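Geometric and topological summary
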Amino acid sequence: MTDQQKQDELDQLSINTLRLLAVDQVQKANSGHPGAPLGCAPIAYLLYHKIMKYNPTDPLWSDRDRFILSNGHASALLYGVLHLTGYKLPMEQLESFRQWGSHTPGHPEYGETPGVEVTTGPLGQGFAMAVGIATAEKHLGAIYNAAGDNHVEDPAHSSHTPVDHYTYVLCGDGDLMEGISHETASLAGTLGLGKLIVLYDDNLISLDGATELSYTEDVTERFKGYHWQVIMVDDGNDLVAIEKAILSAKAETTKPTLIRVRTVIGYGSPKAGTNKVHGEALGAEAVKATKKNLGFPEDKSFYIPEEAGKNWLEAVDKGAKAQAEWNAKFAEYSKAYPVLGEQYSRTTAAKMKEGWEKSIPVFPTDKPVATRNAGQVVLNALAKDVPELFGGAADLTASTKTIFKDSPSFHVDPKGRNVFFGVREFGMMAAVNGIAAHGGLIPFGSTFFTFSDYCRSALRMGALMSTHGLYIFTHDSVGLGEDGPTHQPVEHLMALRAIPQLTDFRPADANETAAVWQLALERKSSSWMALSRQDLPVLDAEKYKVLAGVRKGAYILEAFGKDIVLVATGSEVETVMKAALELKAAGINATVVSMPSFKIFEEQDEAYKLSIFPHGVPKISVEAGATMGWYKYIGREGIAIGIDRFGASAPGPIALEKLGISVGHVVEAAKKLVKK
């Protein structure tokens, strides 16, 4: 037997070891998806054994290649790889697949399992987040690589390229059917993400049956139309052909690449090539048959032949060596570029520059300011001291006011911090999640608040991952006016507040907006802010201790007395402030509360909560949106003034008045409750 034959045999043994680890995980759990792991194991083996740069003992090494399992239902494949390559994922975790408390959940979860780059499962979103990850790599590479200082004798020296990694994706038919893949594939082509390589598990089978039942477009021509390179591999077991395709993908630096790999779902099992192997355990007899077909003992589960185990574990030494070499080069880089070296180390560790918050402006009270405009002022004030801020809008930059005035477009110059995402709201926010998961940047996306419906699944994923992405929404109520009910948010505030682990912000004025930006950056998790189109009076930041108040989620603005509590958010704070003055003239002394964040308020202790919403005091909430959720704070006897219907096309002030958001309505309701 030649050396090549021996290597081929070892490769096949290693691949089949991975296949059967996945099968055993699914079978023991009696739940999961064995088909994709059986078909895609050669792809995973080639990537992790030969192609990718990573260190299993340091899963967060900043210059590692990233692997995204977009078809997250194939998680047993990834868990098998992570165990075999030496990540901290012991065999008992594979044996606890899909069980309570394990680190091997049904779909990969970021932060739960070492080596998992993003949470995937909702199809298409892994693909989209990979576009964000590749975007981050391109931008950071432009910022840090060969920084070009004249004093460096050899700026092209390899030590001066600290950002040099690829993003690999494994996806399936379902990913490419989802609309988000169309949005972000188009964006990736436009942005020229040459280090994004997608391997498409092209097995012709979906859950319902053959893909021809629902999916007949020419995928190759589709992606060529997006300005991608497309390569076809006819046999998913042909390691030479797959490797050749990947090397061709790496050689194309101006376009992302889609590699169509014709695989056989459930390869080696009696159910191979059918939808019966997609989403359920094979069954005991079929497992035995599969093991027999692949030359493994039928009576052994979670079995790793010694030669295969050693072969897979070569990744440990290889990865440690690669990172050690990078560390040495980065030390040289930091000497040549001390400012950039410090910035890279700081931002990849998710640390803010000391004193960064001092650049946040305080707004004077002499004229009203729309909170979207205040947001633009804050964003640009932060630009210098928070260089990791990076993002844009879904073709609404002029409306959402989310643009760095002194930076070019990323599309034109990858050093640029302005990303023009186009009309792709869902794809934009998923890409923001990917950029955040990559590290080194704090990304944001923005659009009109009503279009948060398009974005919602991505917001949920960001919250689930607790990545540090900012979702900025403007035109936050019917107060936006003439565009009418299609564009006027009603249910959106409460709908997004319902998402766990997602911080909500609806500031009342420019100074609350400044405070919201500070907290959104400090908290290092996903958050959204809803900002106004219309101008709002500015609160005196010192008089009302705005930053300290926003830090509590809700705080008292005026304390005329305890006859009644008036609580509001956003633009309606102005309404209750005016109502409180009228009530005072009528002998009713109100406490006025601004509540910019439900989530942050819920984090306070019970004593503070009771100081804001004391027992036995009548309460009225005022918010230009759905009233659902307010009764938790105002009680069953309280009055929630809001909008529980769709809006109407009219100038903003008229729409608000007609829909009951008015000083008069608040005063009338308060008099009924207090009965003085």
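Up top you'll find the structure we're talking about.
Residues numbered from 1 in each chain as written. Predicted model: local features only at pLDDT ≥ 70, side-chain atom pairs only at ≥ 80, totals over all residues. Heavy atoms only, no water.

1. Here's the deal with the overall build of the protein
Heads up, the rule is: Runs of E in the DSSP output that reach at least two residues are strands. Runs of H or I that reach at least four are helices, and both are numbered from the N terminus. When a residue's accessible area, from a 1.4 Å probe over protein chains only, is under 20% of the maximum for its type it is buried; when over 50% it is exposed; and in between it is partly exposed. By definition in these notes, contact holds between two residues if any of their heavy atoms fall within 4.5 Å. Accessible surface area values rest on a Shrake-Rupley calculation with a 1.4 Å probe, where residue burial reflects the displayed protein chains alone. In this count, Lys and Arg are taken as positive residues and Asp and Glu as negative ones, while His and the chain termini are left out. In plain terms, the charge of a residue is placed at NZ if it is Lys, CZ if Arg, CG if Asp and CD if Glu.
Each helix and strand in the protein was counted, giving 26 helices and 20 strands. Seen through its C-alpha atoms, the protein measures out along the principal axes to roughly 100 × 65 × 45 Å. Counting all 676 residues of the protein, 60% fall into the buried class. In the protein, of all internal contacts separated by at least 6 residues, the share reaching a separation of at least 24 is 77%. Summed over its atoms, the accessible surface of the protein is roughly 26,300 Å², and 52% of this surface lies on carbon and sulfur atoms. Here the protein carries 66 positive and 80 negative side-chain charges, and the mean point of each set is 4 Å from the other.

2. Things to note about the packing of helix 16 (residues 425-438) against helix 17 (residues 452-465)
Cut-off, in case you're wondering: Simply put, an axis is a line fit to the C-alpha atoms, just over the touching stretch for a helix, and the angle between two N-to-C directions goes from 0 to 180 degrees. By definition in this entry, angles of less than 35 degrees are roughly parallel, angles greater than 145 are roughly antiparallel, angles of 65 to 115 are roughly perpendicular, and the rest are oblique. By definition, any crossing whose near helix is turned counterclockwise from its far helix by less than a right angle is left-handed, and any crossing with a clockwise turn is right-handed. Polarity classes work like this: nonpolar for Ala, Val, Leu, Ile, Met, Phe, Trp, Tyr, Cys and Pro, charged for Asp, Glu, Lys and Arg, and polar for all others, with Gly in that last group.
Two elements in contact, helix 16 and helix 17, have axes whose closest approach is 7 Å; the angle formed by their N-to-C orientations is 15 degrees. One element, helix 16, and the other, helix 17, form an angle in the roughly parallel class. Handedness of the helix 16/helix 17 crossing: right-handed. Of the residues in helix 17, those touching helix 16 at Glu425, Phe426, Met429, Ala430 and Asn433 are Tyr454, Cys455, Ser457, Ala458, Leu459, Met461, Gly462 and Met465. Across the contact of helix 16 with helix 17, the residue classes break down as nine nonpolar, three polar and one charged.

3. A few points about helix 19 (residues 510-522)
The cut-off we apply is this: Given the number of residues in a helix, its expected span is that number minus one, multiplied by 1.5 Å.
Helix length check: helix 19 (13 residues) gives 19 Å between terminal C-alpha atoms against 18 Å at 1.5 Å per residue, within 8%. Across the 13 residues that make up helix 19, a large majority, twelve, are buried. Note on helix 19: the residue one or two positions beyond its end, Lys524, has a positive phi of about 60 degrees.

4. Regarding the pattern of salt bridges
Where we set the bar: Each reported salt bridge corresponds to a side-chain nitrogen of Lys or Arg within 4 Å of a carboxyl oxygen of Asp or Glu.
On inspection of all chains with the given rule, the structure shows 24 salt bridges. Residues Asp202 and Arg262 are paired through a salt bridge, measuring 3.1 Å at the closest nitrogen-oxygen approach. Separated by 60 residues along the polypeptide, Asp202 in the loop between strand 3 (196-201) and strand 4 (205-206) and Arg262 in the loop between strand 7 (257-261) and helix 10 (284-293) bring together distant segments of the chain. On the basis of relative accessible area, Arg262 is assigned to the partly exposed category, the value being 27%. With a shortest N-O distance of 3.3 Å, Glu217 and Arg222 are connected by a salt bridge. Overall, the relative accessible area of 11% leaves Arg222 in the buried class. Sharing partners across several salt bridges, the network here consists of Glu137, Asp164 and Lys195.

5. Topic: the state of the cysteines
What counts is decided by this rule: Cysteine sulfur atoms that come within 2.5 Å of each other are treated as a disulfide pair.
Evaluation of the coordinates by the stated rule reveals zero disulfides. Just so you know, Cys40 is unpaired, no disulfide at all, and the nearest cysteine sulfur is the one on Cys171, 9.5 Å from it. A relative accessible area of 1% means that Cys40 is categorised as buried.

6. Overview of the packing of helix 12 (residues 314-336) against helix 13 (residues 338-348)
Packing of helix 12 against helix 13 leaves a shortest axis separation of 5 Å and a crossing angle of 130 degrees. Taken together, the axes of helix 12 and helix 13 are oblique relative to one another. Only Pro338, Leu340, Gly341, Tyr344 and Ser345 of helix 13 make contact with helix 12, whose side of the interface consists of Trp326, Phe330, Tyr333, Ser334, Lys335 and Ala336. Its residues assigned to classes, the contact of helix 12 with helix 13 shows seven nonpolar, three polar and one charged.

7. Considering the side chain of Thr474
Going by this rule: Contacts described as polar in this section are N or O atom pairs within 3.5 Å, which, within protein, must combine one atom able to donate a hydrogen with one able to accept it, while residues neighboring in sequence count only if both atoms come from side chains.
Turning to its location among the elements, Thr474 is positioned in strand 12 (residues 470-474). The exposure class assigned to Thr474 is buried, which follows from its relative accessible area of 0%. Polar side-chain contacts of Thr474 include one of 2.9 Å to the side chain of His475. Residues contacting Thr474, with those up to four places away along its chain left out, are Arg372, Ser399, Thr400, Thr447, Phe448, Phe449 and Leu531.

8. What about the pairing of strand 1 (residues 66-69)?
The condition is simple: Paired strands, as defined in this entry, are two strands with at least two bridges between them according to DSSP.
Both faces of strand 1 are covered, namely the face carrying Arg66 and Ile68 and the face carrying Phe67 and Leu69. Pairing of strand 1 with strand 2 (residues 167-171), which is carried by four bridges, proceeds in the parallel orientation. Its bridge partner lying in strand 2, Arg66 is registered against Thr167.

9. Examining helix 21 (residues 572-585)
Spanning 14 residues, helix 21 covers 20 Å between terminal C-alpha atoms, matching the ideal 20 Å at 1.5 Å per step. Among the residues making up helix 21, those that are buried are Glu572, Val573, Thr575, Val576, Met577, Ala579, Ala580 and Leu583. In the core, the buried residues of helix 21 are packed alongside strand 16 (555-559), strand 17 (564-568), strand 18 (590-594), strand 19 (619-622) and helix 26 (663-674). Gly587 sits one or two residues past helix 21 and shows a positive phi near 90 degrees.

10. Points about the nonpolar core
For clarity, the threshold we go by: Nonpolar cores are built from buried Ala, Val, Leu, Ile, Met, Phe, Trp, Tyr and Cys residues. Side-chain atoms within 4.5 Å join them into one set.
Ranked by size, the top nonpolar core spans 81 residues in total, and within it Leu382, Leu389, Trp517, Leu521, Leu566 and Met595 carry the most contacts. A total of eight residues in this core trace back to one element, the largest contributor, which is helix 19. Excluding residues within four positions of it along the chain, Trp517 makes contact with Gly375, Val378, Leu379, Leu382, Leu389, Leu470, Ile472 and Met529. Within the second largest apolar cluster, 69 residues are counted, among which are Leu140, Val419, Ala430 and Ala431.

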